[in-house]
Amino acid sequence: MSTASPSTTFLLSQWIRQAIDEVDLSALANASAASNHPSQWPANVRNSMALCSDEYLISALRVACSLAEQISEAEDNIAERENNSDSDDEHPSLLPAPGINWADKVQVHVTSDGAANVNNDVSNNLLFSIEKADFLPDDMSYKGQSESEDGMRRIYSLGLVFYEIFSGGERPEEIEQPKGGGEESHAYKTEVIFQELSQETSEHNVDPLPPIDDVDGDSFDVANIFDDVIEDEDEYKLCNDILGDDFFNAENPRKRQTQSCHYKVYDVSVEPLKAKFLPGPLCDLVANMIDCANGNPSGEDSYHKMSEARDDLQLMLDKPAIFLYDQDMGRAELQFGDRMFGRNAELSTIKDAYRRSAADGSEFVIISAASGYGKSLLAHEFGKHVLAGGGIFLSGKFDQLQQGKPFSALAFALDIYCGILLQDSGPSSKIAEIASKLRSSLGNEAYHLTKLIPNLASILNGPQTLVTNLNEDCGNAQKRLQYLLCQLLQAISSTFSAPVTLFLDDLQWADQASMEAVLQLLNTLGASSQEAKSFFFLGCCREGEIDEEHPLWNFLCTADTLSIDFTNIILDMMDEQTINTMVSETLCLSPRLTHSLSSIINHKTNGNPLFVSRLMISLGKEGLLRPSLSRRRWEWDKEKIQCRELPDDVVMFLKNSIRELPETVQLSMCTMSCFGASVDITFIQTLERAMQKTFIDDLDIAVAKGLLDKIGAQYRFSHDRIQEATYNMMKDQYRRHLHFTYGLSLASLSIEEECDGILFMAVNQLNHGGPSAVEDPSQCFIVADMNLRAGKKAMEMSDFKLASSYLDNGISFLRTNHWTEHYNLSLEVFELAAKCALTNGDHTRVKLLYQEVVREAYSFEDTLDIEYTNIRALYSASCLEEALTKLLYVLNKLGVTLSGDLNTLLPETKSTLAEYSDEQLLSLPAMVDRTKLITMKFLSIAQLCLFHTNPKSQPKATLQLIQYSIQHGVSDLTSVGFVWFGSYLACIGEIPAGYRYVKIAIKLAENMNARDCMGDILSMGGQVMGYVEPLQSVNDVMIRGHEYSLMTGNISSAKLSLAGSMTCEYWSGKQLSLVKSTMDDGLRHMSSQPILILTQCLPLYRSALAMIGNVDDVPMAFGSRADVETEEERKMTETNMHLLKISHFNKMYVGFMFRRYDQVKQLADAHDAIAALPFSAILISHCFHMFYWGLISFWVARKTGNVIWYDRGEEAVQKMRSYANFSSWNFSNKSLLLQAEQCFYLEEYESAKRCYDDAISCAKDYRFVHEEALACELAGYFLIERGEGNSSLPYFMRAQRKYREWGASAKEESLKTFIEEQFGELTEGEAVWERPRGVSTDLRKRRAS
C-alpha cells in the first residue's frame, strides 16, 4: 500500500491513477460472489468498479468540492472588491483563466493527520485523506472585471476537470489530444494561442480573451478559425479584433467596426460517464456544468454560478443517500418519513434544557404549535439525541377518544419500554436487577403497577394478585401510585445508569392524574438535592387549546410554585427556504432545481408542513408530480400545479381527499376514527367479531392511499388532523349512534372475555354516545352498570379523575325511578362517586351526592359509607366544627359517646390495659364486623378533628377507640389508637408508658401488615421516641415513616414525617447547609395541600436561615419566598393554637440567639399565655421550647430582678431534669446548662462555673455541636459579668469555632463582632481553650449509671 507523509501533494492526474489502484475491491468481490480475486479482473472492469466505490467517489467529491469552493470564494471576493471602490486590498483574489486544460493545473493535498481530516470516514488509506485541492500558483491570474459570461466559462472549464476526475483520468473524446505522431492538433495550437493572449491581456488589467471553446453555434471549424485570421492579420491585429479597436494604439482612431467574436465549443457528452455506472446525479452535475460553455446556459438545469455547483457537491457529500446515489424510479413513492426540517434552533433549545436539567435540577420543555407544524417530529428528533447519548427515551400519546384508559399515555410509554426490555435477550440480568430493586423497596406494593403496566408483571416474574380495597382512602391510593411510578423510573434509571426522558404528545387531551404523576416525577427524580438527576420531561400540545381549567395549566402553575424551570417552545409555519429543503430531500433533487415547485407549494399551503406533505402526495396521485424513468428523477408540470385550486384550510383538503375513496373505505375509516388516532389490529379483529363486519380490507386500501399507516400490529392515522377530519365528516347524531352501537356490541364481549381493555373501550364508546343515543329504556341499566364496573377498575388503577367520570356518566344514564328499580346499583355508584369526588377535591359534588343518598337510603346503616366520606370532605375543607357535629351524631347513633370525663376514662383504660401483657395485646382477635370497622374509622377521624378544635377532649376519642378494640377486636386503626395513646401519656409526663405503647403500635401494625397506617404510626411515634432514644437515631425513624407514607400514598403523613425529620436534623446539630437542603426539598414537596403542615415547618426554616445568613436560594411558599411571612400565613397562625405556639417560639429563639433583649422581652411577656395552651400529644419540639424558654426566663430574671421569671426558669430546670432521667443522651447537657444559668441568677458562682463546663463537655460527648457552642457563649457572658473578662475569651473563641462548624455563619459573625468590641481584633491563637481539669462528681455518677 502506498504511504503519504503528513503533507503530500499530487498532481491531479497522479492522484487519480494512484487512488484507483488503491481502492479496496475485496468487499465488492465478496458482495458479487466473484470466483476470482479483483487483481484478476480485466482492467476496464476493475477501473469501473473502483470508480463506483464509496472510497473513490467520496474522496473525488471532496477534491471537486474543494476546487469549486476555491473559485467561488475568489469570485465572491472579486465581486465584493468591485462593489467597494475604496478597497485597498493588496492581495486580490486570483482565478485561472477559462480553458480546456484546467485538469493539468490542479494539485491534490493529502494528509495523514487525522485531526486535520475529520471527514475521512470511508477509508484508512492516506490517499483518500483529502485535505484540499487547488490550482498551481503559476496558473492563477488576477481578474480585474467580473462578467456573468466569464463565470459560466469557468463553470464549463471546471466541469471538464470533474469529467476527468470521475472518469478515472479520461478526457472527453471531443477534446482529446492526439497521442501519436508528435504533431499537435489545431485545437491544441489555438488553445496555446488563447492562453498566451489571455496572459497578455491579464497583464493589462482587462478581461482575458474569451476561450476558444466558448462559441455559439456549430458552423465554425475549430481547426482553422484562427488560421484564417492569422493568415490575413498579424497577432496585434488579431488582438484588436478580439479586444476592441486600437487596443495597442490608443491614440489612433478606430479603423473599422469589430466583428462579432464566435468560437466553436466542444459539445461534450457525459454518456461515457454513465456507461461507467457512475451515479446519475453526479453525471447530471457534470453535464449541467458543461452546458455553460458559451456564457449562456444551454440547458434548463444548467448552473448559473459556481457557488451553485459547490453547494450541490457539498450536499452529495453530506447526504449521499439522498443526493448522490441513484433512486429506483421504477418504484418511486413520495415518502416523508420522520425527517425534520427547519427546526434546528428549537432542537438546540431542547438539548440545552436537557443538559441544564441533568446538571442543575428539575426542568421540562413544552412544545406548542398549531396542528401539523411538526411538534412530534421535533420531539422524536430530540429522542434520537437522548438515545445516542446513552439515555432512555419513553414516548406516549394522549388521545381525545381514548381518555377512558387510566393513565393512558404514561402507562403506554412504560408498557412499551418494559416490552422492549423483555424482547431484548441481552439485558436479562438487568431485568432481574430492576425486579429486585422494586421488590426490595416496595414489596408487594410493586404489583399495583402491573394493573397499569402489564409487561411489568412479566419482569416481576408473573402476575401477582393483591386484594383491592375500595374502602381505603382514595387519595392515598392515587398518591401511592405516583410514588410507585417514581420508584419504577428510578429503578430503571439506576439499573442502566442513564437518565430517563419522558415524552408525552397531545397534552391538550391529558388527564389530571397523569399530569400530577409527571409533576411528582419531576419533583422527586429531578430534585435539586439529587446528585444524579434522572428525569426530564418533554411534552407537546396544540396552541390555543389550553384554558385555566385544563390539567396542563394546573401542572404549569404548580411547577412554578415548586421552582421547577420550564421552557416553552412555540413553532411557527415553515419559511419558503425550509419548504424547499423539504421538497428537495423528498424528491432527492438539488434545492436549486426544486425552488420553482417549492415556491408554488409554499404559496398554496402557507408553510404548513402537514399541508405540504399531503399536497405533494395528492399531486403525485394526479400525475402532476411524477417519476421520470428516462431522466431518472422526479419531474412536474409547473403550470398545471400553479392553476390547481385548493381549499385554504388543510382540514377541508383532507376531507376532500377522503371523499375520493370508495364508500366502504370511508365508512371503515369513520369507524376507526371513533376509537382514536390509532387502533391495534387485534382490537379491529375483536370489533369485527362483535359487529360481524369486515374492516381490515378497507383499512388496507386507506393505507395504500397514504391516509393510514400500518406500523407493526397497529393501524394509525398518518396524522391527527386526518383522524379529526374523518371523524368530523359525520354528523353529530350519527356519530353518537355509531359510538353507542359499538359500545353495546363490545360490552357483552368484555363480560364474556373478562378483558379490562375491551371494557374501557366499550364504556368509552357508550359515554360518547350519551343518554340521547339510548333507544331502549332497558339499556340505561346496562350502561350504568358498565360504567360502575369501569369506575371500579379505574379506582383499582388509582385514576380517580377517570373513575369519577365513569361513575358520573353512570348516574347520568339512570332513569328517574332508579332508586326504586335499581337500589343496590344506585347506592353503590353514588357512594363510589362521592369517594372519587373527595379525592379530586370536589367537596360540592360530595355534598350533593351525600344529600341524595341520605334522602333515598332505606336504613341508617346504608348511609354509613357516604357519611364517612362527607365528614372527610368537611375535614379537608377545614369545616372542623361541622365535621365534629356530624361525627358526634353518627357515633351516638352507633352507640359510642365522647361525653365522658377524661379523669374517669383514663384510669379505666389504664386498668383495662393492665390486664394484658404486650404479647396478649398483640394477639387480640381481628375485628370483622362491617359496622364495627366503620365505627373505628369514625373514631379515628374524631381524634383529628378534636386535636385541632378541642385538644383537651381529643384523648377521649383515643381512649374510646382503644376500649372499642379490646371489646370487639383489633383493626389497622387500633395501632393508630395505640400511638395516639402513647403520645398522650408522654405529654402528661408518663414518658416510659407512652414509649411502651408506641412500640406496641409499631409491632401491631407490622403483624397486621397495616402498611397504610405505618407512616402515621412512625411519624407520631417518632415524636415520643425523641424523649427516650438518641435524637440522631430518631431522624431515621422519621425517614422510614416518610417512605412508608409515600409508598401507600398517605401524603399528609408523609409531610408530617418530613416535618419531624427537619426538626430532628436541626436540633441534633447537623451541619446547617445539609439541614437547609433537606428543608428546601421538604418545603417544595409541601407546597401543595395540606398547607397546615407547610405552615408548621416555616418558622423553624426561617430560624435556620437566620443562623446561616444571606441566603438567596429559597423555595416558594404561599406564592412568596419562604423566608417572608405572608398575610395568608399570619391569618392561619392566629386561628390555630399549635401554629401560634411554634411561630411565637421561633421568633423568640432567634432573638435570644442574637442577644436582642428588648425583642425577646416583648415576645416573652406574651409567651407564657401561649405556652399554657392545652396540648394532647407530645412533639419533639416541645422539649426545645421548654429548654430555651428556661434560658430566656433566667436572662430576663437577671435583667429585671423579677422573681416570676426565675420561677419560670426553675420550672424548666425541673422539666429538663425529668427528661434527662429518660434520655441522658438528649437532655443531660440541656439540664446542666439550665442549672448553670439558675446558679448564675442565685449568685452561686462556683456551682455555675462547674455546671457550664459540664454542659460544654456533655454536649461535645453527645455530638450536639450547636449546644456546645451555646454553652461556651453563655459561660463567656457569665465570666464577663463576674469581672473575669480574660477568662471568658477562650470560651467565646471556642463558641465561635463551634458555630462555624455547625454552619451558622451569621451567628458566628455576630459573636465575632461582640468579641472585637470587648477585646479588640485578635486571632484564635491568642486565646487557647483549656479543657476543664475535672468533671463534676454528679455528672460522673450519672454517666456511670
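For every chain, the first residue of the written sequence is number 1, and numbering continues from 1 onward in sequence order. Per-residue local features of the predicted model are confined to residues with pLDDT of at least 70, and side-chain atom pairs are confined, for both listing and counting, to 80 or more; whole-chain, interface and lining totals are unaffected and use all residues. Based on all heavy atoms of the structure, the side-chain values leave hydrogens and waters out of the count.

Before going further, it helps to examine the sheet that holds strand E6 (residues 363-369). Here, any two strands with at least 2 DSSP bridges between them count as paired. Note on conventions: DSSP H or I runs of at least 4 residues are helices, E runs of at least 2 residues are strands, and numbering of each starts at the N terminus. With parallel pairing, 5 strands are arranged side by side in an open sheet as E7-E8-E9-E6-E10. In this open sheet, the two strands that pair with only one neighbour each are strand E7 (392-397) and strand E10 (565-570). Strand-to-strand twist of the sheet, defined as the mean angle between neighbouring strand axes without regard to direction, takes the value 15°. Strand direction decides the pairing type here: E6 and strand E9 (residues 535-542), joined by 6 bridges, are parallel. Within E9, the residue paired with serine 368 across the bridge is cysteine 541. On top of the sheet, helix H15 (residues 408-423) reaches E7 and strand E8 (500-505); it is set at about 135° to E7, its chief contact. Axes here mean lines fitted to C-alpha atoms, for a helix over just the part in contact, with angles spanning 0 to 180 degrees between N-to-C directions. Working rule for contacts: check all heavy atoms of both residues, and any pair within 4.5 Å makes them a contact.

Disulfides are defined as cysteine sulfur pairs within 2.5 Å. This structure, assessed with the given rule, holds 0 disulfides. There is no disulfide at cysteine 52, and the cysteine sulfur nearest it, in cysteine 283, is 8.9 Å away. Burial classes follow relative accessibility: with a 1.4 Å probe on protein chains only, a residue under 20% of its type's maximum area counts as buried, one over 50% as exposed, and anything between as partly exposed. On the basis of relative accessible area, cysteine 52 is assigned to the partly exposed category, the value being 27%.

So, about the pairing of E6. Counting buried positions over the 7 residues of E6 gives 7, a clear majority of the element. Burial along E6 is two-sided: Glu363, Val365, Ile367 and Ala369 facing one way and Phe364, Ile366 and Ser368 facing the other are all buried.

Moving on, we get to the sheet that holds strand E14 (residues 708-711). Spatially, 3 strands are ordered E13-E15-E14 in an open sheet, and the strand pairing comes out antiparallel. Among the strands making up the open sheet, the edge pair consists of strand E13 (678-680) and E14. Mean inter-strand twist for the sheet, computed between neighbouring axes without regard to direction, equals 20°. Of the pairings in the sheet, the one linking E13 to strand E15 (residues 714-717) comprises 3 bridges and is antiparallel in character. Bridging across to E15, aspartate 680 finds its partner in glutamine 714. Taken strand by strand, helix H28 (residues 696-704) contacts E14 and E15, and its axis lies near 110° from that of E14.

A separate point is the packing of helix H42 (residues 954-968) against helix H43 (residues 972-987). H43 packs onto H42 with a crossing angle of 135° between their chain directions and a minimal axis gap of 9 Å. In terms of orientation, H42 lies oblique with respect to H43. Relative to H43, H42 is oriented so that their crossing is left-handed. Between H42 and H43, the contacting residues are Gln954, Pro955, Thr958, Leu959, Leu961, Ile962 and Ser965 on the first element and Leu973, Thr974, Gly977, Phe978, Trp980, Phe981 and Tyr984 on the second. The class makeup of the residues in the contact of H42 with H43 is 9 nonpolar, 5 polar and no charged. Each angle is binned into one of four classes, with values under 35 degrees roughly parallel, values over 145 roughly antiparallel, values of 65 to 115 roughly perpendicular, and all other values oblique. Working rule for handedness: look at the near helix, and if it is turned counterclockwise from the far one by less than a right angle, call the crossing left-handed; if clockwise, right-handed. Polarity classes work like this: nonpolar for Ala, Val, Leu, Ile, Met, Phe, Trp, Tyr, Cys and Pro, charged for Asp, Glu, Lys and Arg, and polar for all others, with Gly in that last group.

In this section: helix H46 (residues 1031-1048). Between its first and last C-alpha atoms H46 spans 26 Å; for 18 residues at 1.5 Å apiece the expected length is 26 Å, and the two agree. All of the buried residues along H46 are Leu1031, Val1034, Asn1035, Val1037, Met1038, Gly1041, His1042, Ser1045, Leu1046, Met1047 and Thr1048. Multiplying one less than the number of residues by 1.5 Å gives the expected span of a helix.

When the charged atoms of two side chains with opposite charge come close together, those side chains can pair. Counted as salt bridges are all cases of a side-chain nitrogen of Lys or Arg within 4 Å of a carboxyl oxygen of Asp or Glu. Counted according to the given criterion, the structure contains 55 salt bridges. Notably, a salt bridge pairs aspartate 732 with arginine 736, separated by 3.2 Å at the nearest N-O pair. Placement of both aspartate 732 and arginine 736 in helix H30 (residues 732-753) is noted, with a separation of 4 residues, approximately one turn of the helix. By relative accessible area, arginine 736 is classed as partly exposed at 27%. The partner of arginine 996 in a salt bridge is aspartate 918, and the shortest N-O contact between them spans 2.6 Å.

Any Phe, Tyr or Trp ring, taking Trp's six-membered ring, that has another such ring centre within 6.5 Å forms a pair; planes under 30 degrees apart are called stacked, those over 60 apart edge-to-face, and the others tilted. Per the stated rule, a full pass over the model turns up 49 aromatic pairs. Aromatic pair tryptophan 1225 and tyrosine 1262: ring centres 5.0 Å apart, planes at 35°, arrangement tilted. Taken together, the residues tryptophan 1225 in helix H55 (residues 1224-1241) and tyrosine 1262 in the loop between helix H56 (1245-1261) and helix H57 (1265-1281) connect sequence positions 37 residues apart. Tyrosine 1262 gets classed as buried once you look at its relative accessible area, which sits at 14%. One aromatic cluster is present, built from ring pairs that chain together Tyr1066, Trp1067, Phe1145, Tyr1149, Phe1152, Tyr1157, Phe1184, Phe1187, Tyr1188, Trp1195 and Trp1302. The aromatic ring of phenylalanine 860 is capped on one face by lysine 893, whose charged end is 5.0 Å from the ring centroid. Comment: the charge-over-ring label is applied if NZ (Lys) or CZ (Arg) is within 6 Å of the ring centre and within 35 degrees of the ring normal.

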